[in-house]
Amino acid sequence: MTARSAVPAGRAVRVRVPATSANLGPGFDSLGLALSVYDEVVVRVRPEPGATVTVEGVGAGEVATDDSNLVVRAVRRGLEHAGVEQPGLELHAVNAIAHGRGMGSSAAAIVAGLMAARGLLEGVVDLDASTLLTLATEMEGHPDNVAPALFGGLTIAWMTAEGPAVKRLLVHRGVSPVVFVPTSTLSTKLARSLQPASVPHEDAAFNVSRSALLVAALIQSPELLLAATEDRLHQSYRASAMPETDALIGLLRQHGLAAVVSGAGPSLLVLGSDPSQRLTAADLVERHAQSDWRALMLAVDLGGATVVPHSALEADPA
């Protein structure tokens, strides 16, 4: 594709992207939930080539601050797809999503970059929702985190011959999430390496039933969340890499709380059927955890990633 004219220098966008929790117990690589913790990024086009990145909050002093930064790479992937010349970029990120803890930080970075590209291209090329999902899935490797980051709410994501697809659902207002975040981290690659290439037929059938039940519990019947979050496909295989997470999940479930590994872990997610269950969970973790865990009392994010386009940002740069 022949490159179109460059995005004008000085054009800027502001993007906000929610954290996500994938799998939710039995919904391995398919179910995801957007949560009310956010990374915010401002991307501005500059005359000079290359990219500069400044970061506040999570990842400050740790993440790349040049063209290798994941958000920058995602911006450039979106511009490349649109056939637009690559400009110089200035990026400022204010991050709140924990890294390496199963809250979708890499998916948030990818979605932030692609949404920024969409905003920078306003009036030039339209990157529609389907294109964003496809590009994000290509970069992330699977759609279960990028889908809720893009669209908010509860998402069911799957792959077709044409690429990724998604169905977004509204969550019952009684569902009350709390995420417990440890000081330790765990790479998704390591977590996936612990799973077997195949599982018994009865375990697969078990998870099919629980995944279907989980969708019903989240959108209609929160009282079924404990049974609906049972899993036999991935959590037990990964337990050796996060023993304290596994122990706390067992303890919380013994007390009737729908506790699961958040994404690849080691954070854990409790899906309360009412707000009081979050307080019960927090008390149990505080009394029984062997290390420091931070409790995040969250809401389900309903809007997904949002972008303030250059025209609006120029009118109100604050």
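Here the structure is a predicted model, which is why all the values come from computation and not from measurement. (Residues numbered from 1 in each chain as written. Predicted model: local features only at pLDDT ≥ 70, side-chain atom pairs only at ≥ 80, totals over all residues. Heavy atoms only, no water.)

(A) Spatial organisation of the UniProt feature "domain: GHMP kinase N-terminal" (unreviewed entry) in the chain. According to UniProt, the feature "domain: GHMP kinase N-terminal" (unreviewed entry) maps to residues 69-153 in the numbering used here. Secondary structure across residues 69-153 comprises 55% helix and 9% strand; the distance between its end C-alpha atoms is 27 Å. (UniProt positions renumbered as here; feature names shortened; annotations may be inferred. Helix = DSSP H or I, 4+ residues; strand = E, 2+ residues; numbered from the N terminus.)

(B) Here's a closer look at the environment of L132. By the element assignment, L132 lies in helix 3 (residues 129-140). Among the residues examined, L132 registers a relative accessible area of 1% and is labelled buried. When the C-alpha atoms of L132 and V178 are compared, they prove to be 29 Å apart, with 46 residues separating the residues in sequence. Here L132 is in contact with L114, M115, R118, L127 and L150, once residues within four sequence places are set aside. (Buried < 20%, exposed > 50% of the residue type's maximum accessible area, 1.4 Å probe, protein only. Contact = heavy atoms within 4.5 Å.)

(C) Highlighting the pairing of strand 9 (residues 268-272). With respect to burial, strand 9 is a largely interior element, five of its five residues being buried. Judged by which residues are buried, strand 9 turns out to be covered on both faces: L268, V270 and G272 on one side and L269 and L271 on the other are all buried. By the bridge criterion, five bridges tie strand 7 (residues 176-182) to strand 9 in an arrangement that is antiparallel. Within the sheet, the bridge partner assigned to S176 lies in strand 9 and is G272. Here strand 8 (residues 259-261) runs beside strand 9; their pairing, made up of three bridges, is antiparallel. Bridged to V261 within strand 9 is L268. (Pairing = 2+ DSSP bridges.)

(D) Broad picture of helix 1 (residues 70-82). Taking 1.5 Å per residue, 13 residues should reach 18 Å; helix 1 reaches 19 Å between its end C-alpha atoms and fits that length. Residues of helix 1 that are buried sit in contact with strand 2 (31-46), strand 3 (51-57), strand 4 (88-95), helix 2 (105-120) and helix 3. A side-chain oxygen of the first residue of helix 1 lies 2.9 Å from the backbone nitrogen of V71; this N-cap is N69. A positive backbone phi angle near 75° is found at G83, which sits one or two residues after helix 1. (Expected span 1.5 Å × (residues − 1). Polar contact = N/O pair within 3.5 Å; in protein donor to acceptor, adjacent residues only side chain to side chain.)

(E) Fine view of the sheet that holds strand 10 (residues 293-297). Ordered by their spatial adjacency, four strands build an open sheet running 8-9-7-10, and the pairing between neighbours is antiparallel. Every interior strand has two partners, whereas the edge strands, strand 8 and strand 10, have only one. The mean angle between the axes of side-by-side strands here comes to 25°, regardless of whether they run parallel or antiparallel. Sitting on the sheet, helix 9 (residues 243-254) is in contact with strand 8, strand 9 and strand 10, with an inclination near 160° to strand 8. (Axes fitted to C-alpha atoms, helices over the stretch in contact; angles between N-to-C directions.)

(F) Structural view of the packing of aromatic side chains. In total, this model carries zero aromatic pairs according to the counting rule given. It is R232 that lies over the ring of F206; its NZ or CZ is 3.9 Å from the centre. (Phe/Tyr/Trp six-rings, centres within 6.5 Å; stacked < 30°, edge-to-face > 60°. Lys NZ or Arg CZ within 6 Å of the ring centre and 35° of its normal.)

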